[in-house]
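Chain by chain, the residues:
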Amino acid sequence: MKPIAPGTVIFHRFRGYGVLTAVNLLTGWVSARFGSESRVLDLNLSSDEVQHADGEPIRFRLAAPDRTPHARLIAMVRALHEAGYERLYLHSWPRPSGMHWRWHLFTGTRNWIQRPWREGWYGSGADYIFNPVMGWGDRPGAGTEELVRTLAKFDPEGLAQALGRDEDHTAWFKMVCGALLPGYMYSLDMGTRNPLALGPLPVHPVRNGVPAYDGPELPWPPGWSRLWRHPNAVRRKVLI
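All values derive from a computational prediction rather than experimental measurement. (Residues numbered from 1 in each chain as written. Predicted model: local features only at pLDDT ≥ 70, side-chain atom pairs only at ≥ 80, totals over all residues. Heavy atoms only, no water.)

## Quick word on the overall build of the chain
Next up, step 1: Tallying secondary structure elements over the chain gives six helices and 10 strands in all.
Next up, step 2: Computed over the C-alpha atoms, the radius of gyration of the chain is 20 Å, within 12% of the 18 Å expected from 2.2 N^0.38 for a compact globule of 240 residues.
Next up, step 3: Overall, the C-alpha framework of the chain stretches about 65 × 35 × 30 Å when taken along its three principal axes.
Next up, step 4: When the 240 residues of the chain are sorted by exposure, 45% land in the buried category. (Helix = DSSP H or I, 4+ residues; strand = E, 2+ residues; numbered from the N terminus. Rg over C-alpha atoms; globule rule 2.2 N^0.38 Å. Buried < 20%, exposed > 50% of the residue type's maximum accessible area, 1.4 Å probe, protein only.)

Dropping the structure here:
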């Protein structure tokens, strides 16, 4: 399915051409304005026969869109690793409600606790489902090459800090990409896990209708277990 976001031109057989003003990729409801009407109309993508301007149907149930950008981010990070930006890292964890997933890209030293925060390098599925962009000038549905190009243009100084080697993490990330893409993401959520016996890396689908992950068990990032050997490690877990 083509990406949809606020501003997408649509066609409805009873109302004609309109423009989306709001999108909820989690529920399949959208709002659209038609012609000179002052009020918006709420439509359900599963039953209201909404189409793109070129006539392609927008079918929420048959082609559910990604509710989270993590798979696209994983592919982008892999491409940057292959280009020599191996000191680029992706952290992902759930919001307290458990309904959405957060993400954070950071560069430089691989420190999962004291991560540098740069504008545009982090986000949440709670925002993504209404406007599916990363936030650095990318378009909805942008591919890997476009995401790399727009990120480099948005913050060249920040991306330059990712230049360098981190062979252990790059090898782990490449293995994770091969197992997860294109339908799954990893989470670094500790939950109630024993820090010294973590078990396999948590894996989740990025859209509805994707079966539960049944691939090989994946290890946690290199050096992750060493974070919890500090006396105050359990209390610091909330910062991850």
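## Section: the pattern of salt bridges
Next up, step 1: Tallying each qualifying case throughout the model produces 10 salt bridges.
Next up, step 2: Linking Arg-165 and Glu-86 is a salt bridge whose minimum nitrogen-to-oxygen distance equals 3.3 Å. Of this pair, Arg-165 sits in the loop between α4 (156–160) and α5 (167–180) while Glu-86 sits in the loop between α1 (70–82) and β6 (88–94), and the two are 79 residues apart along the sequence.
Next up, step 3: On the basis of relative accessible area, Arg-165 is assigned to the exposed category, the value being 59%.
Next up, step 4: A salt bridge links Arg-165 to Glu-167; its shortest N-O distance comes to 3.0 Å. The burial state of Arg-165 is the same as that of Glu-167; both residues are exposed.
Next up, step 5: The network of salt bridges with common partners includes Lys-2, Asp-54 and Glu-56. (Salt bridge = Lys/Arg side-chain N within 4 Å of Asp/Glu carboxyl O.)

## Here we look at the pairing of strand β3 (residues 29–34)
Next up, step 1: Where strand β2 (residues 16–24) and β3 come together, six bridges link them in antiparallel fashion. In the sheet register, Val-19 faces β3, and the bridge partner there is Arg-33.
Next up, step 2: Strand direction decides the pairing type here: β3 and strand β4 (residues 41–44), joined by four bridges, are antiparallel. In the strand pairing of β4, Trp-29 is matched with Asn-44.
Next up, step 3: The antiparallel pairing of β3 with β4 creates a hairpin that spans six residues between the two strands, and Gly-35 there sits at a positive phi of about 55°. (Pairing = 2+ DSSP bridges.)

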